[in-house]
Amino acid sequence: MPQWTVRLRLTLLYSGLFLISGLVLLAITYVLFRDSTGVNVIVPEGSRTQKTGPNVELEIRYHEAIQRSTDALHQGLLRTVIVLAGMTLVSLALGWLVAGRVLRPLRVMTATTRQISERNLNERLALTGPRDELKELADTIDGLLARLETHVAEQRRFAANASHELRTPLAVTQSILDVARNDPDRDNGELVERLHAVNSRAIDLTQALLLLTRADQRSFEREPVDLSLMAEEATETLLPFAAERNIAIETAGGPAPTIGSEALLLQLATNLVQNAIVHNLPESGTVWVTTGAGPQGATLVVENTGEELAPELVATLAEPFLRGSERVRTGQSGVGLGIAIVKSIAEAHDGTLTLAPREGGGLHVTVRLPAA
Ligand SMILES: Nc1ncnc2c1ncn2[C@@H]1O[C@H](COP(=O)(O)OP(=O)(O)OP(=O)(O)O)[C@@H](O)[C@H]1O
Ligand SMILES: [Mg+2]
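Since the model is a prediction, treat every value here as computed from it, not as a measurement.

Conventions we followed
Residues numbered from 1 in each chain as written. Chains lettered and ligands numbered in written order. Predicted model: local features only at pLDDT ≥ 70, side-chain atom pairs only at ≥ 80, totals over all residues. Heavy atoms only, no water. Helix = DSSP H or I, 4+ residues; strand = E, 2+ residues; numbered from the N terminus. Buried < 20%, exposed > 50% of the residue type's maximum accessible area, 1.4 Å probe, protein only. Areas by Shrake-Rupley, 256 points an atom, 1.4 Å probe, with all protein chains shown as cover. Lys, Arg positive; Asp, Glu negative; His and termini not counted. Charge placed at Lys NZ, Arg CZ, Asp CG, Glu CD. Axes fitted to C-alpha atoms, helices over the stretch in contact; angles between N-to-C directions. Parallel < 35°, antiparallel > 145°, perpendicular 65-115°, else oblique. Left-handed = near helix turned anticlockwise from the far one by under 90°. Contact = heavy atoms within 4.5 Å. Phe/Tyr/Trp six-rings, centres within 6.5 Å; stacked < 30°, edge-to-face > 60°.

Asks: I tried to follow the overall build of the protein on my own but got confused; where do I start?
Replies: When you go through the protein residue by residue, the secondary structure sums to nine helices and seven strands. For the protein, the spread of C-alpha atoms along the principal axes amounts to about 150 × 55 × 35 Å. Counting all 372 residues of the protein, 32% fall into the buried class. Summed over its atoms, the accessible surface of the protein is roughly 23400 Å², and 60% of this surface lies on carbon and sulfur atoms. Across the protein, the mean location of the 34 positive side-chain charges is 16 Å away from that of the 43 negative side-chain charges.

In structure tokens:
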């Protein structure tokens, strides 16, 4: 059984069409020719022999002429059919060549795509030539590869950062334990305190990572949730924390009904309000929390005073483990997953997160979720 490749099918199509139009042309020519030469007069065979007289000779000659014409026509027809058969063979060969030529970019694309794997995702088909369907297909595949490459790079960076962050508390624990072992007479109260703090941080980090995975996998139950209630609850929980830093929280707006996971949306609001408090001015800062429902769905806006932020810096804040300007980790600094988690939760709810520097310093964060 031959394989029904596109090349074979195109070849058969070309020469099939050639053969059909050849036969139609031949039939039409035959009919026209026969009409114009008058050879379609049918002469009974036996009539010649029975007749005699002066006209007989003439009639016989006439019949013979017609017979010759008919023979010539049939001879010509036969030859044309033979030539047509030959030309059909030629058209098969030409069709095969042309189809191969047309399909060559496709074969190149298949070969290249086949050898692209996780290791050489940076390769592209980069098909040259006119803008046609094949070029469009190649460009689409290139676009897909670019997105895949970015995604894989992001995942790798995330894994590297996560393991680095997880190693830090373990290394600190190790050094604290070393100190305690080398100096048994030392008062261990302080060491225990430090161990406790380091361990809490490791637990926070692991929990944040788990939360991020959960949101990314979209494995949660969806129910009607009012985003404004979540913001209210987060604000209330964090009020003492804000009071400690002398920061005022102002809430405004109305109900913002949406569909999603109550626990995750509460986490989203908590992360944003907590950030607004932690990354605020050292003294008498303000946080504004506004909720509402509009034509674009439910919105939550969290704004805070703070130091001036460059737009380029703001654009990178949602990246996991990026901690803005506070690169040097103080005891207070977080793990750098807060906004990444907010982004994952918003996207898992088919919503968006927008970060912008606030005029006069601080950050302006908008979360938009589909309306219930
Ligand atoms: N409301 C804000 N105002 C100003 N800067 C902010 C604000 N929110 C976040 N940032 C900046 O973005 C960085 C990343 O924030 P993110 O919440 O992701 O991490 P984090 O707060 O450092 O740690 P954690 O994971 O514990 O929340 C912060 O380190 C801070 O520099
Ligand atoms: Mg944070």
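There is more to say after this.
Asks: Honestly, the packing of helix α4 (residues 133–182) against helix α5 (residues 189–217) in this entry has me stumped. Any pointers?
Replies: Angle between the axes and distance between the axes: these two values describe a pair of packed helices. The contact between α4 and α5 brings their axes to 10 Å, and the two run at 165°. As judged from the angle between their axes, α4 and α5 are roughly antiparallel. In the packing of α4 onto α5, the handedness of the crossing is left-handed. Seen from α4, the contacting residues are F158, A162, E165, L166, P169, V172, T173, I176, L177, V179 and A180; seen from α5, they are L191, R194, L195, V198, A202, L205, T206, L209 and L212.

Asks: Can you walk me through the environment of I20 in this structure?
Replies: Structurally, I20 can be placed in helix α1 (residues 6–37). Residues I20 and T366, spaced 346 residues apart in sequence, show a C-alpha to C-alpha distance of 67 Å.

Asks: It is not clear to me how the packing of aromatic side chains should be interpreted in this structure. Could you clarify?
Replies: Each aromatic ring pair is summarised here by two numbers: the centre-to-centre distance and the angle between the ring planes. Evaluated as defined, the whole model comprises one aromatic pair. Residues F158 and F321 carry aromatic rings whose centres are separated by 5.6 Å and whose planes lie at 35° to one another, so their mutual orientation is tilted. Taken together, the positions of F158 in helix α4 and F321 in the loop between α8 (311–316) and α9 (338–348) put the pair 163 residues apart, joining distant regions of the chain. Using a relative accessible area of 24% as the deciding quantity, one classes F158 as partly exposed.

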